[in-house]
Amino acid sequence: MTTVDLNADLGEGFGVWRLGDDEAMLDIITSANVACGFHAGDPTMLLRTCRAAAERGVRVGAQVSYRDLAGFGRRFLDAEPEDLRADVIYQIGALQAIAQVAGTTVSYVKPHGALYNAIVNHRVQARAVAEAVHAVDPSLPVLGLAASAFFREAEALGLTTVPEAFADRSYRPDGQLVPRGQRNAVLHDTDVIADRVSSMVHHGRVDAVDGSTITVLVKSICVHGDSPGAVQIAKAVRDRLTGEGVQLRPFV
């Protein structure tokens, strides 16, 4: 039987500001990438999110980012490796404490936003993030883009790498994501999204923005929790996959 993980970015509100419907998403997904306070999320919200995930048996991952609360972590920062390494260690450690109090654990690490995209090719920052994860706990898997500099650095340190694909994002012909500022970077049609995810899971391929077909390696599918209609998208993906006999379960 084909199995795949379904993940989403959660805990991304701050104070009175709420972003997305975390409770509804937690009823659909199998892994939650929980913000760690650097791009979004306050301690109270993160504790609440981890408790809700624990109640549902959803795995919790640390979603680490640049120190960029104002920019939601979607702006590249030319951070020094030593600073970036320490920032990632700090974020994982903070969420580990919150998860423990909530009755769960941090099961994996996933970079967020601009950091995620940067370390596809930025070897120095990729090494810093991989070293940070390894320093905290060498048994923590990392979630990211297959064949990235991040995966190469992580694997060199002996970390387990878990390739993911994005349900609601468009791909370039080189296999990287279309930048959010460009046209059609984010997808919204649930039927189109479900079709694309089905192709990725069953056939390992998806159409790029130029019409070409590219190969994707996927063990986890991401739906962005802050996207308009995120709950409907996640439900459509889940229903399509389970209807096709795919078992949804955490990768850890």
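Conventions used here
Residues numbered from 1 in each chain as written. Predicted model: local features only at pLDDT ≥ 70, side-chain atom pairs only at ≥ 80, totals over all residues. Heavy atoms only, no water. UniProt positions renumbered as here; feature names shortened; annotations may be inferred. Phe/Tyr/Trp six-rings, centres within 6.5 Å; stacked < 30°, edge-to-face > 60°. Helix = DSSP H or I, 4+ residues; strand = E, 2+ residues; numbered from the N terminus. Buried < 20%, exposed > 50% of the residue type's maximum accessible area, 1.4 Å probe, protein only.

An unreviewed UniProt entry annotates the protein as 5-oxoprolinase subunit A of Mycolicibacterium phlei DSM 43239 = CCUG 21000. Its UniProt record gives the protein a comment under Function (unreviewed entry), which states: "Catalyzes the cleavage of 5-oxoproline to form L-glutamate coupled to the hydrolysis of ATP to ADP and inorganic phosphate." Regarding the protein, the UniProt comment filed under Catalytic activity (unreviewed entry) reads as follows: "5-oxo-L-proline + ATP + 2 H2O = L-glutamate + ADP + phosphate + H(+)".

Visitor: I tried to follow the packing of aromatic side chains on my own but got confused; where do I start?
Guide: Pairs of aromatic rings are described using the distance from one ring centre to the other and the angle between the two planes. Taken as a whole and judged by the stated rule, the model has five aromatic pairs. Residues Y66 and F76 carry aromatic rings whose centres are separated by 6.0 Å and whose planes lie at 90° to one another, so their mutual orientation is edge-to-face. With Y66 in the loop between β3 (59-64) and α3 (81-102) and F76 in the loop between β3 and α3, this pair connects stretches of sequence that are ten residues apart. Of the residues examined, Y66 reaches a relative accessible area of 2% and is grouped as buried. What makes F76 partly exposed here is its relative accessible area of 46%. Considering the side-chain rings of Y116 and F166, the 5.5 Å spacing of their centres and the 85° angle between planes classify their relative orientation as edge-to-face. Taken together, the residues span a long stretch of sequence, with Y116 in helix α4 (residues 113-118) and F166 in strand β6 (residues 161-166) at a distance of 50 residues. Residue classification places Y116 among the buried residues on the basis of a relative accessible area of 6%. For F166, a relative accessible area of 3% gives the class buried.

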